[in-house]
Amino acid sequence: MSRIGRQPVTVPAGVTVTIADGNKVTVKGPKGELTKVFATELTIVEADGKIEVTRPNDLKRIKALHGLTRTLINNMVIGVSEGYQKVLEVNGVGYRAAKQGKKLVLNLGYSHPVEMDDPEGIETIVEGQNKIIVKGISKEAVGQYAAEIRSKRLPEPYKGKGIKYDTEIIRRKVGKTGKK
């Protein structure tokens, strides 16, 4: 049996979970509300502050969905109670980030500034000129938007210029050497 799928999801105080027909799970908390529909083959039950996911059989697809469903519900509970954030760093001479209302404006060495609108439910904060914090309640949406920002100028291995995650380590390469 799935080790992750077997573990119950504990619901903290201030968070309410409702399970509707067709495995539609709605999680409400102090930071907001998330709704997701899960596979109908699995059974999702809430009892005394814990959510348990059980599976009917050991088919490969069902086993895979078991752990995934439990983890997604756990991510929803954490998202509405604490929230998620990703930190990006902009490295390079003349590279900078700025905020204009709900727009993120990036100067990344192109002939034009790159403007990105914050998606629904996602907030970006710029600290200084080279640190971008992406915040939200959906782990998936925060990660996706952070990846989109990073894709505007991927970090390169020679000088380390570009946008990288704060935890990311860029393997540096040695440049060309002249002929002797």
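This text gives an overview of the structure that appears in the document. (Residues numbered from 1 in each chain as written. Predicted model: local features only at pLDDT ≥ 70, side-chain atom pairs only at ≥ 80, totals over all residues. Heavy atoms only, no water.)

1. Section: the overall build of the protein chain
At step 1: Helix and strand content of the protein chain: three helices and 13 strands.
At step 2: What you see for the protein chain is a C-alpha radius of gyration of 21 Å, clearly larger than the 16 Å of a compact globule of 180 residues, by over 25%.
At step 3: The principal-axis extent of the C-alpha atoms belonging to the protein chain is close to 70 × 45 × 25 Å.
At step 4: Within the protein chain, the proportion of its 180 residues that are buried is 35%.
At step 5: Both charge centroids of the protein chain, one from 32 positive and one from 20 negative side chains, sit 11 Å from each other. (Helix = DSSP H or I, 4+ residues; strand = E, 2+ residues; numbered from the N terminus. Rg over C-alpha atoms; globule rule 2.2 N^0.38 Å. Buried < 20%, exposed > 50% of the residue type's maximum accessible area, 1.4 Å probe, protein only. Lys, Arg positive; Asp, Glu negative; His and termini not counted. Charge placed at Lys NZ, Arg CZ, Asp CG, Glu CD.)

2. Digging into the pairing of strand β9 (residues 103-107)
At step 1: Inspection of the sheet shows strand β8 (residues 96-100) paired to β9 by five bridges, in the antiparallel sense. Within β9, the position partnered with lysine 99 by the bridge is leucine 104.
At step 2: Here β8 folds back onto β9 in antiparallel fashion, the turn holding two residues, of which glycine 101 has a positive phi close to 65 degrees.
At step 3: Linking β9 back to strand β10 (residues 114-117) in an antiparallel pair, the connection comprises six residues, with glycine 109 at a positive phi of about 85 degrees. (Pairing = 2+ DSSP bridges.)

3. What about the pairing of strand β2 (residues 16-20)?
At step 1: By the bridge criterion, five bridges tie β2 to strand β3 (residues 24-29) in an arrangement that is antiparallel. Among the inter-strand pairings, threonine 18 is bridged to a residue of β3, identified as threonine 26.

4. Examining the pattern of salt bridges
At step 1: Counted according to the given criterion, the structure contains seven salt bridges.
At step 2: One salt bridge connects glutamate 89 with lysine 164, and the closest N-O pair in it is separated by 3.3 Å. With glutamate 89 in strand β7 (residues 84-91) and lysine 164 in strand β13 (residues 162-165), the pair connects residues that are 75 residues apart, well separated along the chain.
At step 3: The shortest N-O distance in the salt bridge between lysine 99 and aspartate 118 comes to 2.5 Å. Here aspartate 118 lies in the loop between β10 and β11 (122-127) and lysine 99 lies in strand β8, a separation of 19 residues in the sequence.
At step 4: Look at lysine 99 and you get partly exposed, because its relative accessible area is 32%.
At step 5: A residue is classified by how much of its surface remains accessible, and aspartate 118, at 10% relative accessible area, is buried. (Salt bridge = Lys/Arg side-chain N within 4 Å of Asp/Glu carboxyl O.)

Functional significance is not addressed by these values, which are geometric in nature.
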